[in-house]
Amino acid sequence: MFVQEEKIFAGKVLRLHVCASDGAEWLEEATEDTSVEKLKDRCLKHCAPGGLEDPKNVTHHKLIHAASERVLSDAKTLLEEHVQDEDVILLIRKRAPAPLPKMAEVSAEEQKKQEQKAPDRDAIFRATASLPSHNMDRAVVQTSARDFQTELRKILVSLIEVAQKLLALNPDAVELFRKANAMLDEDEDERMDEAALRQLTEMGFPETRAAKALRLNHMSVPQAMEWLIEHADDPTIDTPLPGPSSQGEAGAEAAPAAGTSEEEEARDELTEIFKKIRRKREFRADARAVISLMEMGFDEKEVIDALRVSNNQQNAACEWLLGDRRPSPEELDKGIDPESPLFQAILDNPVVQLGLTNPKTLLAFEDMLENPLNSTQWMNDPETGPVMLQISRIFQTLNRT
């Protein structure tokens with residue numbers, strides 16, 4: 001009963017071990033209901049008697065509970081801060097806040113920032129006013145900086161013409177090309193990305209439509225999905241793509257006519273095969289790039305022209321649309337100058353000469369002409385890879401000189 005009354009009326013007396021930052025130690029007695037601020041005031045009087053004229057002296061110190069490493073709040077009591085008898089309390093001076101910068105220092109900092117700031121347009125004009133002017137032709141700069149991929153198209157156009165002439169002289173060229181074209185069609189029909197097809201069918205698209213969309217968009221799921229949405233109301237959406245059977249029938253119809261003049265008929269048939277391959281390799285613009293560029297305000301036709309010139313690269317197409325638009329789409333079908341040292345060096349290479357007599361090389365040239373992204377595939381092919389490697393080496397060698 002005596003203990004309860006002590007708790008109610010007087011509060012329990014705590015004996016605390018106080019340690020100051022200068023190494024002084026002493027015992028301080030205080031009741032549980034004593035505020036932390038009062039305890040701190042008493043500790044400061046014990047530690048530095050007569051030195052409390054400045055009222056800020058109390059606010060510049062803090063009490064820390066050593067066991068829990070907590071800073072005690074001035075507004076709370078020892079009981080609220082869970083301070084127990086025989087606990088160790090640390091009296092620590094607070095860190096002084098960083099002084100505010102003087103006006104001179106602020107000005108120096110601003111001046112330093114201004115010195116490190118990049119010059120504006122007017123400053124550049126003033127600094128270069130005394131220099132002689134040089135008018136650089138942008139077209140000349142672009143031509144000199146052209147890389148292999150840019151010039152490759154012109155080289156391919158000219159090499160295709162040479163390959164067609166060489167293959168037309170081969171009596172077995174028609175049969176070779178008929179087989180090569182059939183193999184190409186068979187490969188396109190059989191090469192189906194099952195994961196991409198499953199992804200489209202799980203979205204709810206019919207399997208036949210999904211397969212057709214994937215073949216038309218080089219197995220790209222996003223482009224195939226866009227094609228399916230755009231052609232949802234197209235009455236011919238379920239019409240199958242022309243396969244090798246229809247081309248075989250066309251070849252069979254042309255076969256009976258090969259009795260009058262075999263040489264002329266063979267040459268005409270070879271030309272027709274070339275045309276079929278060219279039609280099959282039509283350029284397909286990236287659907288996402290078309291939408292993005294059209295949202296910038298460009299017309300659809302000029303967007304497709306830009307993507308064709310830039311090999312379906314959106315950033316390059318945007319630069320083409322905003323620039324002088326060279327080369328033009330019409331220039332894409334022009335080959336390299338047949339009298340140029342580059343073209344002569346390519347034709348004089350034995351590996352290239354042997355490759356031009358292979359129908360597969362011509363197929364590779366046609367494919368890369370309309371689908372530049374397939375260049376890597378043909379570079380890794382054992383038959384066409386050596387030819388492409390020699391063309392690249394010759395171009396790099398002459399480009400350095």
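The structure we're discussing is the one just above.
An account of the accompanying structure is given in this report. (Residues numbered from 1 in each chain as written. Predicted model: local features only at pLDDT ≥ 70, side-chain atom pairs only at ≥ 80, totals over all residues. Heavy atoms only, no water.)

Looking at the sheet that holds strand β3 (residues 61-65)
The cut-off we apply is this: Paired strands, in this sense, are two strands between which DSSP finds at least two bridges. Helix and strand assignments follow DSSP, with helices taken as H or I runs no shorter than four residues and strands as E runs no shorter than two, numbered in order from the N terminus. In what follows, residue pairs with any heavy atoms lying within 4.5 Å of each other are defined as contacts. Axis geometry follows a simple rule: fit a line to the C-alpha atoms, using only the stretch in contact for helices, then measure angles between N-to-C directions, giving values from 0 to 180 degrees.
Taking strand neighbours across the sheet as the criterion, the five strands line up as β2-β1-β5-β3-β4 in an open arrangement whose pairing is mixed. The sheet is open, and its two edges are formed by β2 (25-31) and β4 (70-71), each paired on a single side. Of the strand pairs in this sheet, strand β1 (residues 13-20) and strand β5 (residues 88-93) are connected by four bridges, and their pairing is parallel. Bridged to Val18 within β5 is Ile89. Strands β1, β2, β3 and β5 of the sheet are contacted by helix α2 (residues 36-47), whose axis makes an angle of about 145 degrees with β2.

As for the environment of Arg153
Our working definition: Think of it in three bands: with a 1.4 Å probe and only protein chains considered, a residue is buried below 20% of the maximum accessible area for its type, exposed above 50%, and partly exposed in between.
Topologically, Arg153 is positioned in helix α7 (residues 148-168). The class of Arg153 is buried, set by a relative accessible area of 12%. For the pair Arg153 and Pro372, spaced 219 residues apart in the sequence, the C-alpha separation amounts to 8.6 Å.

Focus: the side chain of Ser340
The test is simple: Polar contact criterion, stated in full: a pair of N or O atoms within 3.5 Å, where within protein one must be able to donate a hydrogen and the other to accept it, and residues adjacent in sequence count only if both atoms are side-chain atoms.
Among the structural elements, Ser340 can be located in the loop between α16 (314-322) and α17 (341-347). When its relative accessible area of 12% is taken as the criterion, Ser340 is described as buried. A distance of 2.7 Å separates the side chain of Ser340 from the backbone oxygen of Asp337, its partner in a polar contact.

Observations regarding the packing of helix α15 (residues 300-309) against α16
Rules: Roughly parallel means an angle under 35 degrees; roughly antiparallel means over 145; roughly perpendicular covers 65 to 115; every other angle is labelled oblique. Crossing chirality is assigned from the near helix's rotation relative to the far helix, an anticlockwise turn below a right angle marking it left-handed and a clockwise turn marking it right-handed. Three categories are distinguished: nonpolar for Ala, Val, Leu, Ile, Met, Phe, Trp, Tyr, Cys and Pro, charged for Asp, Glu, Lys and Arg, and polar for the others, with Gly belonging to the last.
Two elements in contact, α15 and α16, have axes whose closest approach is 8 Å; the angle formed by their N-to-C orientations is 120 degrees. In terms of their interaxial angle, α15 and α16 are classed as oblique. Relative to α16, α15 is oriented so that their crossing is right-handed. In this structure, α15 uses Glu302, Val303, Asp305, Ala306, Leu307 and Val309 to contact α16, whose residues at the interface are Gln314, Ala317, Trp320 and Leu321. Residues belonging to the contact of α15 with α16 are distributed by class as follows: seven nonpolar, one polar and two charged.

Remarks on helix α9 (residues 194-202)
Where we set the bar: The directions considered for the arc run from the helix axis to the C-beta atoms.
Of all the positions in α9, only Ala196, Leu197 and Leu200 are classed as buried. Here the buried residues of α9 occupy an arc of 100 degrees about the axis, which is enough to place them on one side. Of the surrounding elements, those touching the buried residues of α9 are α10 (207-216) and α11 (221-230). Downstream of α9 by one or two residues, Gly204 has phi in the positive range, about 110 degrees.

Observations concerning the environment of Met379
Following the sequence through the fold, Met379 ends up in helix α20 (residues 375-379). If we skip the residues at most four places from it in the chain, Met379 touches Gly385, Met388 and Leu389.

A word on the nonpolar core
Rules: Remark: nonpolar core denotes a set of buried residues (Ala, Val, Leu, Ile, Met, Phe, Trp, Tyr, Cys) joined through side-chain atoms within 4.5 Å.
Judged by nonpolar contacts, the single largest core of 25 residues is most densely connected at Ile155, Leu159, Leu342, Ile346, Phe365, Met368 and Ile391. Only α7, α17, α19 (359-370) and α21 (385-400) provide two or more residues apiece to this core. Ranked by residues supplied to this core, first place goes to α7 with eight residues. Excluding residues within four positions of it along the chain, Leu342 makes contact with Ile155, Ile336, Ile394, Phe395 and Leu398. Judged by nonpolar contacts, the second largest core, of 17 residues, contains Leu14, Trp26, Val36 and Ile89.

Description of the side chain of Asp87
The cut-off we apply is this: Two residue types count as positive, namely Lys and Arg, and two as negative, namely Asp and Glu; His and chain ends fall outside the count. Salt bridges, as used here, are contacts in which a Lys or Arg side-chain nitrogen is within 4 Å of a carboxyl oxygen on Asp or Glu.
Mapped onto the elements of the fold, Asp87 is located in the loop between β4 and β5. The buried charged residue Asp87 lacks any salt bridge, with Arg70 as its nearest oppositely charged partner at 7.1 Å. Side chain to side chain, Asp87 and His65 meet in a polar contact 2.9 Å long. Beyond its immediate sequence surroundings of up to four residues, Asp87 is in contact with Arg15, Leu16, His17, His65 and His82.

Some thoughts on the pattern of salt bridges
All chains considered together, the criterion is met by nine salt bridges. A salt bridge links Lys40 to Asp74, with the shortest nitrogen-to-oxygen separation between them at 2.9 Å. Taken as a pair, Lys40 in helix α2 and Asp74 in the loop between β4 and β5 lie far apart in primary sequence, 34 residues in all. On the basis of relative accessibility, which here comes to 1%, the residue Lys40 falls in the buried class. Note on Asp74: relative accessible area 27%, which makes it partly exposed. One salt bridge in this structure joins Asp381 and Lys360, with 3.0 Å as the shortest N-O distance. Within this pair, whereas Asp381 is found in the loop between α20 and α21, its partner Lys360 is found in helix α19, the two being separated by 21 residues in sequence.

Digging into the pairing of β3
Counted residue by residue, β3 has four buried out of five residues, so it is predominantly covered. In this sheet, β5 lies alongside β3 in antiparallel orientation, the contact comprising five bridges. Each bridged residue has a counterpart across the sheet, and for His65 the counterpart in β5 is Ile89. With two bridges joining them, β3 and β4 adopt antiparallel strand pairing. Bridging across to β4, Ile64 finds its partner in Val71. Connecting β3 to the next strand, β4, in antiparallel fashion are four residues, including Glu69 with a positive phi near 60 degrees.

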